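Read off the chains here:
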Amino acid sequence: MLYAILCYDYEDAVGAWTKEEETAVMGRLSAVQEGLARQGRLGPVARLVPTTAATTVRKAQDPVVLDGPFAETKEQLLGFFVVDCADLEEAIETAKDLARANAPGGSYEVRPIAVFRPGQVGTGSAVG
Amino acid sequence: MTDLAWIDAAFTAARPQALGALLRYFRDLDTAEEAFQDACLRALDSWPRNGPPRDPVAWLILVGRNAALDGVRRRSRLEALPDEEALSDLDDAEAGMAERLDGSHYRDDILRLLFICCHPDLPATQQIALALRIVSGLSVKQIARAFLVGESAIEQRITRAKARVSAAAVPFEAPGAAERAERLSAVAAMIYLIFNESYSANAVADRGRAPLCDEAIRLARLLLRLFPAEPEIMGLAALMLLQHARTPARADAAGNAVLLEDQDRSLWSRPMIVEGLALIDKAMRHRRPGPYQVQAAIAALHARAERAERAADTDWAQIDRLYATLERLQPSPVVTLNRAVAVSKLRGAGEALAMIEPLAPRLSGYFFFFGARGAFLQQLGRMEEAREAFNRAIALASTPAEAAHIRMHLDRLAADGDAG
């Protein structure tokens, strides 16, 4: 079963990491991802640009476009992983591995995926 | 990440909002700073044991406020010392505090804190030092190192700035819409000042490291989160991101400046370019152009040429048009000088030279004027005049890297002379 593991954290605090901390955290997260990839369990992974770059389009016949993220929350959605897990237990274990590799504070939300279409993008250079 | 590292990042992130709220309570910068400091000390003791609080900002405000009130009571000897139990049930209090924080206060708290630092009575150097000390929480040592200035000089700037600020008495009422817009634009200018100072002081001398550029970008993101629909703030953030993205390529291994067209574009920071382009795209939708947006749009055209990995792909015609817009919005000889560079690419050095000649009286002390003039003359084969212009530029260079760059031009001239 596929699970989305969504990373929520204080954008301001993550933005205040030094380059060295940033490199260290990203290195440890990569190690967890490599483990998942070796087991053939890792799907798409994304790190999002800060919410200040977000635009919100409200659903309607005549959609309204708003600057900023959909909701002003204390913690923001910063990125996500798609991981293949046998059951919720394994998904939680995977999220725990990621949590231990990451800095304290913030949360991973584990959400089963109902429909998944991997699509075709992301293999080129379009992503920064 | 060690306990200390993430706690430090949490303090840095919480600082503007927490300090802004404490300043509103106590109406005195020193008291607010002391209260925040106290709260941080208690956090260093409590957080590693209990884990990070649900809302670090609310925790720091509440604990800081209580600590400062304790201090006031102690000093006035009106009440017995309160015991630590007063702080025991933080969780409930924190939740209540968090709810109140969600109100509209925090926006004006942070803006006020930033605005205090750019009071019109303060010279630019003091504004920058004060903002980095107060809002960013950098140490005097860090600020001094970033600007290659002695610590005592920075200390003095901060002390003087604080004295002027407290004499000037910034109002604590929530500002009206016009006042708020004015504050916003003053703060934006101050943030860009920090960026520019750091960009010119560090980036080349320190081999592409410019920590204060990162700090200025962080402050712009903070401002943008408070005012998410202001196209000029988007423009400011985009401008800094797109310029700073090039920092790793701006100096070679020997610490010499590398011109934009000669830079290794693979060294440009992709995430910063992606974010900068996203922000300028958002800003343009508002159709309310301003100087930051136009400058960011120019930087965006350079960044987009990066995709093709060739300077030759730069859209100079569009850059010329954008500079023309900027000349209209914010007339300045420096803008015209920059436009002339685009014109030289488009229509040749002759036209560019004609464009900058009238600027001579106003830019007679400006390094880049003589650098550009020398380059245009060189392209036109007027070598003797080019040499003269480059010599003037060297005399005006403010960093060794600037001088070294011009000397390289002179060497090329000399080599050409020998060859011919």
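What counts, and at which threshold
Residues numbered from 1 in each chain as written. Chains lettered and ligands numbered in written order. Predicted model: local features only at pLDDT ≥ 70, side-chain atom pairs only at ≥ 80, totals over all residues. Heavy atoms only, no water. UniProt positions renumbered as here; feature names shortened; annotations may be inferred. Helix = DSSP H or I, 4+ residues; strand = E, 2+ residues; numbered from the N terminus. Buried < 20%, exposed > 50% of the residue type's maximum accessible area, 1.4 Å probe, protein only. Contact = heavy atoms within 4.5 Å. Areas by Shrake-Rupley, 256 points an atom, 1.4 Å probe, with all protein chains shown as cover. Patch = residues over 30% accessible without salt bridge, like charges linked within 9 Å, V, L, I, M, F, W, Y side chains within 5 Å. Salt bridge = Lys/Arg side-chain N within 4 Å of Asp/Glu carboxyl O. Buried area = accessible area lost by both parts, 1.4 Å probe. Polar contact = N/O pair within 3.5 Å; in protein donor to acceptor, adjacent residues only side chain to side chain. Nonpolar A, V, L, I, M, F, W, Y, C, P; charged D, E, K, R; others polar. Pairing = 2+ DSSP bridges. Axes fitted to C-alpha atoms, helices over the stretch in contact; angles between N-to-C directions. Phe/Tyr/Trp six-rings, centres within 6.5 Å; stacked < 30°, edge-to-face > 60°. Parallel < 35°, antiparallel > 145°, perpendicular 65-115°, else oblique. Left-handed = near helix turned anticlockwise from the far one by under 90°. Arc of directions from axis to C-beta.

- Going by the annotation in an unreviewed UniProt entry, the name recorded for chain B is RNA polymerase sigma-70 factor (ECF subfamily), with Azospirillum rugosum given as the source organism.

- With an unreviewed UniProt entry as reference, chain A is termed YCII-related domain-containing protein, source organism Azospirillum rugosum.
- The record held by UniProt for chain A lists under Sequence similarities (unreviewed entry) the comment "Belongs to the YciI family."

### Focus: the overall build of chain A
At step 1: Along the backbone of chain A there are three helices and six strands.
At step 2: The N-to-C order of helical and strand elements in chain A reads β-α-α-β-β-β-β-α-β.
At step 3: Considered along the principal axes of its C-alpha atoms, chain A spans approximately 45 × 35 × 30 Å.
At step 4: Scored against the burial criterion, the 128 residues of chain A give a buried share of 34%.
At step 5: Considering only contacts within chain A whose residues lie at least 6 apart along the sequence, 75% involve residues at least 24 apart.
At step 6: Surface summary for chain A: the accessible area is close to 7800 Å², and the carbon and sulfur share equals 57%.

### Quick notes on a nonpolar patch on the surface
At step 1: A cluster of nonpolar side chains, L4(B), L41(B) and L44(B), forms an exposed patch at the surface whose accessible area comes to about 300 Å².
At step 2: Since its relative accessible area comes to 59%, L4(B) is described here as exposed.

### Considering the interface of chain A and chain B
At step 1: Tallying the contact residues gives 29 residues for chain A and 32 residues for chain B.
At step 2: Summed over both partners, the interface of chain A with chain B buries about 2400 Å², with 56% contributed by carbon and sulfur atoms.
At step 3: Taken together, the connections running from chain A to chain B amount to seven residue pairs in polar contact (both at pLDDT 80 or more).
At step 4: Taken together, the elements giving at least two residues each to the side of chain A that touches chain B come down to helix 1 (11–15), helix 2 (19–38) and strand 4 (64–67) of chain A.
At step 5: In terms of residues, the side of chain A that touches chain B owes the most to one element, helix 2 of chain A, which gives five residues.
At step 6: Across the side of chain A that touches chain B, the residue classes break down as 12 nonpolar, eight polar and nine charged.

### Things to note about the pattern of salt bridges
All names here are of chain B.
At step 1: Taken as a whole, this structure holds 28 salt bridges over all chains when the rule is applied.
At step 2: Of the charged contacts in the structure, one is a salt bridge between D108 and R180, with a shortest N-O distance of 3.0 Å. Residue D108 is found in helix 5 (residues 105–117), and its partner R180 is found in helix 9 (residues 177–201); the two are separated by 72 residues along the sequence.
At step 3: A relative accessible area of 27% means that R180 is categorised as partly exposed.
At step 4: The salt bridge involving R373 is made with E357; its shortest N-O contact spans 3.2 Å. With R373 in helix 17 (residues 367–379) and E357 in the loop between helix 16 (349–356) and helix 17, this residue pair connects regions lying 16 residues apart in the sequence.
At step 5: Each of D320, E327, R339, R347 and E351 takes part in a single network of salt bridges with overlapping partners.

### Focus on the sheet that holds strand 1 (residues 2–9) of chain A
Residues and elements named next belong to chain A.
At step 1: Taken together, four strands build an open sheet; the order of strands is 2-5-1-6 and the sheet is antiparallel. Edge strands, defined here as strands with exactly one partner in the open sheet, are strand 2 (42–47) and strand 6 (107–112). Each neighbouring strand pair of the sheet contributes to a mean axis angle of 20 degrees, computed without reference to strand direction.
At step 2: Of the strand pairs in this sheet, strand 1 and strand 6 are connected by six bridges, and their pairing is antiparallel. Each bridged residue has a counterpart across the sheet, and for C7 the counterpart in strand 6 is Y108.
At step 3: Set on the sheet, helix 2 makes contact with strand 2, strand 5 (76–84) and strand 6; between it and strand 2 the angle comes to about 160 degrees.

### Describing the UniProt feature "domain: YCII-related" (unreviewed entry) in chain A
At step 1: According to UniProt, the feature "domain: YCII-related" (unreviewed entry) maps to residues 1–116 of chain A in the numbering used here.
At step 2: A helix fraction of 34% and a strand fraction of 32% characterise residues 1–116 of chain A, whose end C-alpha atoms lie 11 Å from each other.

### Here we look at unusual backbone geometry
All names here are of chain B.
At step 1: Here the phi dihedral of R27 falls at roughly 55 degrees; this positive angle occurs in a residue that is not glycine.
At step 2: Within the secondary structure, R27 sits in the loop between helix 1 (3–26) and helix 2 (29–50).
At step 3: Within the chain, R287 stands out as a residue other than glycine whose phi angle is a positive 50 degrees.
At step 4: The topology assignment puts R287 in the loop between helix 12 (270–284) and helix 13 (291–307).

### Quick look at the packing of aromatic side chains
Residues and elements named next belong to chain B.
At step 1: Counting across every chain of the model gives 10 aromatic pairs over all chains.
At step 2: Between Y25 and F26, the aromatic rings sit 6.5 Å apart at their centres with planes inclined by 75 degrees, giving edge-to-face as the arrangement.
At step 3: Using a relative accessible area of 33% as the deciding quantity, one classes Y25 as partly exposed.
At step 4: On the numbers, 4.9 Å between centres and 80 degrees between planes, the contact of F367 with F368 is edge-to-face.
At step 5: Among the residues examined, F368 registers a relative accessible area of 44% and is labelled partly exposed.

### Things to note about the UniProt feature "domain: RNA polymerase sigma factor 70 region 4 type" (unreviewed entry) in chain B
At step 1: The UniProt record marks residues 114–164 of chain B with the feature "domain: RNA polymerase sigma factor 70 region 4 type" (unreviewed entry), using the residue numbering of this structure.
At step 2: The straight-line gap between the two end C-alpha atoms of residues 114–164 of chain B is 15 Å; of that span, 71% is helix and 0% is strand.

### Here we look at the packing of helix 6 (residues 124–134) of chain B against helix 8 (residues 151–168) of chain B
All names here are of chain B.
At step 1: Contact geometry of helix 6 with helix 8 gives a least axis separation of 9 Å together with a crossing angle of 90 degrees. Considering their axes alone, helix 6 and helix 8 lie roughly perpendicular with respect to each other. Seen from helix 6, the contacting residues are T125, Q126, A129, L130, R133 and I134; seen from helix 8, they are R157, I158, R160, A161, K162 and V165.
At step 2: Split by residue class, the contact of helix 6 with helix 8 holds six nonpolar, two polar and four charged.

### Observations concerning the packing of helix 11 (residues 231–244) of chain B against helix 12 of chain B
Residue and element names in this part refer to chain B.
At step 1: Interaxial distance between helix 11 and helix 12 falls to 8 Å at its minimum, and their mutual angle equals 155 degrees. Taken together, the axes of helix 11 and helix 12 lie roughly antiparallel to each other. Note that helix 11 runs across helix 12; the crossing there is left-handed. In contact with P231, M234, G235, A237, A238, L241, L242 and H244 of helix 11, helix 12 contributes M272, I273, E275, G276, L277, L279, I280, K282 and A283.
At step 2: Tallied by class, the residues present in the contact of helix 11 with helix 12 amount to 12 nonpolar, three polar and two charged.

### Considering helix 16 of chain B
All names here are of chain B.
At step 1: Considered for burial, the residues of helix 16 that qualify are A349, A352, L353 and I356. An end-on view of helix 16 places all buried positions within 100 degrees of arc, on one side of the element.
At step 2: Turning to helix 16, the residues buried within the fold contact helix 15 (333–347) and helix 17.

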